[in-house]
Structure formats: C-alpha cells, structure tokens
Amino acid sequence: MEFSVSFSPLERISRFGGERRQDNGKIGTSGHLLLFRDRVLAKGYWKKVLEEVKQERKASPTTFDKKQLAKIKQERVRWESKTLKPWSRDSPEQKKEFRNLSDIPVKRVYTPEDVSHLNETEQLGLPGEYPYVRGVYPTMYRGRPWTMRMFSGFGTPEDTNKRLHYLLEHGETGLSIAFDMPTLYGYDPDSPRAEGEVGRCGVSVGSLKDMEIILEGIPLEKVSTSMTINAPASVLTAMYVGVAERQGLKPKELRGTVQADILKEYIAQKEWAFPPEAHLRIIRDMMVYCTKEMPQWNYISISGYHIREAGSSAVQELAFTLADGFAYVDLGIEAGLKVEDFAPRLSFFFNCGMDFFEEVAKFRAARRIWARVLRDKYKVKDSRSLLLRTHAQNSGASLTWQQPLNNIVRTTIEALATVLGGTQSLHTNSYDEAWALPSEAAATVALRTQQIIAEETGVGDTIDPLAGSYYLEWLTDEMEERAFQYFDKIEKAGGLLDAIKTGFIQREIAENSYRYQQELEKGERVVVGVNKYQVEEKKPIDTLKINEEAQRRQVARINMVRETRDNNKVEQALDELRKTFKDEKANSMYPMVKAVRAYATLGEIMDVGRKIFGEYKEPPIL
C-alpha cells in the first residue's frame, strides 16, 4: 500500500538533500526527508493494521479443538458457581478488580479460551524464525549467555578506567559507559554550566584525551562497548574512532553501541542541545558514515528505558519506543540507504520493571511488532533486518532509598523477567543507586546476580520456557494490540514529530505517572518499605562519594589539551565542520572525526552546532 500526503514547509522536518546528493563519504541519496508520518505513520496505515490485529484475536481456533474448548468453558462456569462462589463468601479476594502496572485488567484465571485464536505457527513460530516472539536466535542462551554489561562511569577518566578493568576481571562481558551531565549536554568541564556537576553522575569527557584514558589497556577489537550518550553522540563516536586508531585499529573492526536516540530525549530525558531537525540531520550523517565505515557498530540504540523512567507504563514504553524505531528506519531510507543495510545496526534498549509477566510479554510483543512492520510495511526480506535485538536494564525508578538492601531482591526479579523475555544484553542495577552512583561492592553484587541466574537456575536451558502460558500469551497479544492503538493515536496527533512537539506523548506519560502516584498514596499499590512495612532507619549503607577533586583535575587536563595541541589544525577542522553544518547536502561526521583527532574539545564542537542550529524549547504539557 502506498501513501501520498502533501505537506506545508512547516510540516517537513528538513530538506536534507536534492537530486543525487553527494556526501563527503561518497554516498548519494535522492529525495527529501519528510515528516515521519509520510512513510511510517502514514495516513490510515496503523488503523488498518490495528483492525487486522483485532480480527486475528477473534479468529476461529486452530491449535485448540472446538469441542475441548466448549468443555473447558463448561468446567470454568461450574467451578465459578460450585467452588469459587462459596469459597469467596468466607474468604473474599483482596480487591474488586486487579490491574497490572499498565492498567490492564487481570482476570483471576486464564484458560485456553483466552488464547483460542492463537495460531502457533504464524503468531509464535520457533526461535530464530519469524515472527521471533520466541527469540531472535535459534539457540538463544543454550548457545551463549546474554552479554553482561554493567553501567559504569564516574569521576575522572582514571576512576572509570579502574572500574572497567575491575568489572572485566570479575566476569563482565561487555562495557557500558555512563557520562556526567556536562558531557551529556555537550559542555566542557570548565564551562560555567558544568560547575558542581563534573564526574557526579558519570565520567567527565572533554576531549579525545579523556577517552584515551578511559579505554587505556582495553583491547577494543575484543570488547563490545556501549556508550549512553545522545545529544553529542556523534562526537563521542568520533572519539571512540580516535582511540581505536591510536590502538592501531580501523573503524570497521569496532563493535559496540552508541545510544544516539534523540527522539526519546524530547519525550523523556530532556538532554538535547539543538532543535529536533538539527539532531536528526546529524543522526542521518552518523547512519551514513557508520554504514560505510563501521559496519559492526550499532549507531542507534532506540531507548524505551528513559521513557519508562519518566513515568510511562510498559505499554507506553513499548509503543513509543517502537514508534521512534520506525522513525529512524524512515530516516535511513530518506538518507538513501537500503533498510537491509542499516536495520541490523539498530538496537533497542528497554526497561524492566516489577510486574513480572507484563515485562516478559513486552519483550515478546516488541519482537513480533517489529518483524511484522518491517516485513509488511517496508517489504524487508532479509531476516537479519527483522530481528529486534535488545539491551535491557532493570528499573531505576523501582529502587528505593528506604531499606536499600531490598533492591537486591527487586533487581533479581526484574533480571529474571528480562532473561525470560529473551534479551541479548543486560545491566542489573546496584542496590545503592537510589542513594548514589554504585559502589564497587554493590556493583559486584549486581553482576553476581546475573551470573547466578545464568549459571545456577537453569532458566536458559530451554528457550522461551514460559511460552504456552495462557496468561502470558493473552498478555502478549493484549500489549501488541494496545501498542497499535497508540500508533493510531500518534498518527491522529499529526505524526511522531508533531506528537512530540505538541506534547501529546509527554502528556500521556505524565497522566500515567500521576495515576500510579495516586495509587501509591491511596495504598492501592504497595512498595515494600515505602508505603508498607516501613521502619525507622538511619543512613543504612555506605555510598560512593565524588569530591571536588574530579572537577579540578578535569579542568586542569582540558587546559593542558588546549595549550599543547595544534590550534591552527583545530580551527581549520572546526571551520570545516561549520561549513558542513550549513550545507544540508554534506555529511558532518567526516569533519567531526577530523576535529576530534586535532583534540578539539567536546564543547567547542557542540558550540559550532549551537551557533548554527539555535535552541529548542519544549511545549507545555499541563
């Protein structure tokens, strides 16, 4: 089905190219980048698919025999009348209605009646085959465990380098680097805006020199690295390339992920530097550059994690994250790339909260939706491009500063749900993270939690072991349908970018967060140690402390970099970047890598963009 929609100039994101545009990277494209709704959130498309999903759930039984289903219904009615009713007179249920964290009503019991429509071969399949509900790989954890990737980064580059080596020595299988607030916004450590924040919530990075120290002694050709960075993601990618070159490696040898999901910043995390159109243009340049130069590098990790941490439900996280993902697919197409060339380099980053079955169902539904849309809407035939591969992290919002040792239990439950949901990579939170950045001892417990699940429980011995659960299969279908309902709402709101710019998505999240808080305050939801089973306690644990020395050292280092570099080369590289930013037809990654090599600072590079692209203010959502 093809859609043709006419837009005014204000309805276009940007006109990123002309006929046969030529990038610095010698990759040509044609056409213009239109608002995402023109292709993915196209008029009528999501409503059509939503109706298909609804009809599928009303289909005649295929797996279950009709006579047996009738007998099951007869038995359930008898049980409700003869067993449940008299029992409930003396021992009533605790609530009139049970609802999960996405506000989905949960029945007291599920039977084959609730999944009688399920066609196992078409809607579930087998591991490593369409629609990938049961896992993206044929052997899953029987072949190898998920990547254990602990979120690490604090203080100075030396502090973080030491922590990375410590975790690798204790069995971590992938690196994950967190950055402080000045770095996340693209400011140098000596900027007035960085005062008091250097090294506080992650490691401080002001130039290539800092990245060289963070990764010192780490063989980048052997280790996969994830960097949680968005607004300046292109600059940090260039720095990673610069470090690799100093290790004698070529960009094509590098494996890892940079988050670079700027859409979720406008939705949830609020760490942007430029207006959305400018950031999307730079992400386009990254996609083109990395497709050509870094074929093993995942250059966008589409993040639902922060959407969830902002207060969304699991259903909202599922829907808004996948909507972002489809938008980036459009971005790649409009940049002149084939979906089969770049889709395997898109990865996802999901949250995992405390509603156990809801989380397992979310991962399964996400894989089915992604595969279905890429196959049917984008006509993708290469199976690698249909795979939704995901990293996951346990919910930071579920951690409590009250009775923090309880967080070990929460993290274990969430990690188990994530594994049963079929993740490819996992970060377990440390029990002290509601207080501070993880201490070494707490990070070790978090890593050991994953290792115990992998080595002692046997949950990875069989693939998708909860498949066939009447409740889980029903809930997977329910979350899928509700996600498509949101896709339809986004289209009605004017498409994804309009839904963000008008605050529609942000309001949906805020309303859900308010509902949940009201339930907590009324005691309808229980958080142990917070609104039930409270105890009086002094500060219960020792925490990691970041002192002012980190800022002093980072300021001294960046001043040293400016004094010892070739400033003429820096100015030439920044001027080239400036011209590239002004030219919508050019690829900004090549001059950015050049600027990084010359030791231009993060702030200097980002300031070039700030002067050209201007600022952005989000809409009010109240």
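Our subject is the structure listed above.
Asks: Where do I start with the sheet that holds strand β5 (residues 147-148) in this structure?
Replies: Two orientations exist for strands paired in a sheet by backbone hydrogen bonds: parallel and antiparallel. Strand order in the open sheet made by the five strands is β5-β14-β13-β12-β11, with parallel pairing throughout. In this open sheet, the two edge strands, each paired with only one partner strand, are β5 and β11 (300-303). Bridging between β5 and strand β14 (residues 425-427) involves two bridges; their strand directions are parallel. Its bridge partner being in β14, Met148 is matched across the sheet by Leu426.

Asks: Which parts of the structure should I look at to understand the sheet that holds strand β6 (residues 151-152)?
Replies: Taking strand neighbours across the sheet as the criterion, the five strands line up as β6-β7-β8-β9-β10 in an open arrangement whose pairing is parallel. The open sheet terminates on both sides in strands that have one partner only, identified here as β6 and β10 (297-298).

Asks: Help me understand helix α1 (residues 45-56) in this model?
Replies: Because each turn of an α-helix spans 3.6 residues, side chains separated by three or four positions in sequence point in the same direction. Its twelve residues place the ends of α1 17 Å apart at the C-alpha level, agreeing with the 16 Å of an ideal helix rising 1.5 Å per residue. Taken residue by residue, α1 has Tyr45, Trp46, Val49, Leu50 and Val53 as its buried positions. An end-on view of α1 places all buried positions within 125° of arc, on one side of the element. Against the buried residues of α1 lie α11 (314-334), α13 (356-376) and α16 (470-492).

Asks: In this structure, what is going on with the side chain of Gln506? I would like to understand it.
Replies: Here Gln506 shows up in helix α18 (residues 504-522). For Gln506, a relative accessible area of 4% gives the class buried. When neighbours within four sequence positions are excluded, Gln506 is seen to be in contact with Tyr266, Ile267, Lys270, Ala499, Ile500 and Ile621.

Asks: Where do I start with the packing of aromatic side chains in this structure?
Replies: The geometry of an aromatic ring pair is captured by the separation of the ring centres together with the interplanar angle, meaning the angle of the planes. In the structure shown here, the tally under the stated rule is 26 aromatic pairs. For the pair Trp46 and Phe484, a centre-to-centre distance of 5.8 Å together with 45° between the ring planes defines the contact as tilted. Linking Trp46 in helix α1 with Phe484 in helix α16, this pair joins segments that are 438 residues apart in sequence. The pair Trp46 / Phe484 is uniform in exposure class, with both members buried. Ring geometry for Phe326 versus Phe487: centroids 5.8 Å apart, planes at 75°, classification edge-to-face. Of this pair, Phe326 sits in helix α11 while Phe487 sits in helix α16, and the two are 161 residues apart along the sequence. By the ring-pair criterion, three or more aromatic residues cluster together here, those being Tyr45, Trp46, Phe326, Phe348, Phe350, Phe363, Trp370, Phe484 and Phe487. The positively charged end of Lys377 is found above the aromatic ring belonging to Tyr378, 5.9 Å away from the centroid. Seen from the ring of Tyr486, Lys489 lies directly overhead, with NZ or CZ sitting 4.8 Å from the centre.

Asks: Explain the side chain of Glu271 to me, please; I cannot follow it from the model alone.
Replies: Its place among the elements puts Glu271 in the loop between α8 (262-269) and α9 (276-293). Although Glu271 is buried, it makes no salt bridge; Lys264 carries the closest opposite charge, 6.2 Å away. For Glu271, the side chain forms a polar contact with the side chain of Gln269, separated by 3.1 Å.

Asks: I tried to follow the packing of α11 against α16 on my own but got confused; where do I start?
Replies: Packed helix pairs are characterised by how far apart their axes lie and by the angle those axes make with each other. Axis separation between α11 and α16 bottoms out at 9 Å; the angle between their running directions is 55°. The orientation of α11 with respect to α16, classified from their angle, is oblique. Considering the relative orientation of α11 and α16, their crossing is right-handed. Every residue of α16 that contacts α11 at Ala314, Val315, Gln316, Leu318, Ala319, Phe320, Leu322, Ala323 and Phe326 is listed here: Met479, Arg482, Ala483, Tyr486, Phe487 and Ile490. Residue composition of the contact of α11 with α16, by class: 13 nonpolar, one polar and one charged.

Asks: I tried to follow the environment of Gly396 on my own but got confused; where do I start?
Replies: If you trace the backbone, Gly396 turns up in the loop between β13 (390-394) and α14 (406-421). Along the sequence, Gly396 and Arg308 sit 88 residues apart, while their C-alpha atoms lie 9.6 Å from each other.

Asks: Help me understand a nonpolar patch on the surface in this model?
Replies: Judged by side-chain polarity, Met354, Val409 and Ile413 come together as a nonpolar surface patch covering roughly 220 Å² of accessible area. Tracing the backbone shows Ile413 in helix α14. Taking the relative accessible area as the measure of exposure, Ile413 reaches 31% and is therefore partly exposed.

Asks: What is the right way to look at unusual backbone geometry in this model?
Replies: Note: most residues except glycine have negative phi, and most peptide bonds are trans. Following Tyr130, the chain continues into Pro131 via a peptide bond in cis, with omega recorded as 5°. Considering the arrangement of structural elements, one finds Pro131 in the loop between α3 (120-124) and β5. With a phi angle near 65°, Asp103 is a residue other than glycine that sits in the positive phi range. With respect to the element layout, Asp103 can be found in the loop between β3 (98-99) and β4 (105-106). Exposure remark for Asp103: the relative accessible area of 26% places this residue in the partly exposed category. Phi at Tyr132 is positive, roughly 65°, even though this residue is not glycine. Among the secondary structure elements, Tyr132 is positioned in the loop between α3 and β5.

Asks: Where do I start with the pattern of salt bridges in this structure?
Replies: When the charged atoms of two side chains with opposite charge come close together, those side chains can pair. This structure, assessed with the given rule, holds 51 salt bridges. Note that Arg108 is salt-bridged to Glu93, the shortest N-O span being 3.0 Å. Separated by 15 residues along the polypeptide, Arg108 in the loop between β4 and α3 and Glu93 in the loop between α2 (66-90) and β3 bring together distant segments of the chain. The residue Glu576 makes a salt bridge to Lys594 at a minimum N-O spacing of 3.1 Å. One end of the pair, Glu576, is in helix α20 (residues 567-582); the other, Lys594, is in helix α21 (residues 589-597), with 18 residues separating them in the sequence. By sharing partners, the salt bridges in this structure join Glu97, Arg99, Asp103, Arg515, Glu519 and Arg525 into a single network.

The rules behind each value
Residues numbered from 1 in each chain as written. Predicted model: local features only at pLDDT ≥ 70, side-chain atom pairs only at ≥ 80, totals over all residues. Heavy atoms only, no water. Pairing = 2+ DSSP bridges. Helix = DSSP H or I, 4+ residues; strand = E, 2+ residues; numbered from the N terminus. Expected span 1.5 Å × (residues − 1). Buried < 20%, exposed > 50% of the residue type's maximum accessible area, 1.4 Å probe, protein only. Arc of directions from axis to C-beta. Contact = heavy atoms within 4.5 Å. Phe/Tyr/Trp six-rings, centres within 6.5 Å; stacked < 30°, edge-to-face > 60°. Lys NZ or Arg CZ within 6 Å of the ring centre and 35° of its normal. Lys, Arg positive; Asp, Glu negative; His and termini not counted. Salt bridge = Lys/Arg side-chain N within 4 Å of Asp/Glu carboxyl O. Polar contact = N/O pair within 3.5 Å; in protein donor to acceptor, adjacent residues only side chain to side chain. Axes fitted to C-alpha atoms, helices over the stretch in contact; angles between N-to-C directions. Parallel < 35°, antiparallel > 145°, perpendicular 65-115°, else oblique. Left-handed = near helix turned anticlockwise from the far one by under 90°. Nonpolar A, V, L, I, M, F, W, Y, C, P; charged D, E, K, R; others polar. Patch = residues over 30% accessible without salt bridge, like charges linked within 9 Å, V, L, I, M, F, W, Y side chains within 5 Å. Areas by Shrake-Rupley, 256 points an atom, 1.4 Å probe, with all protein chains shown as cover.

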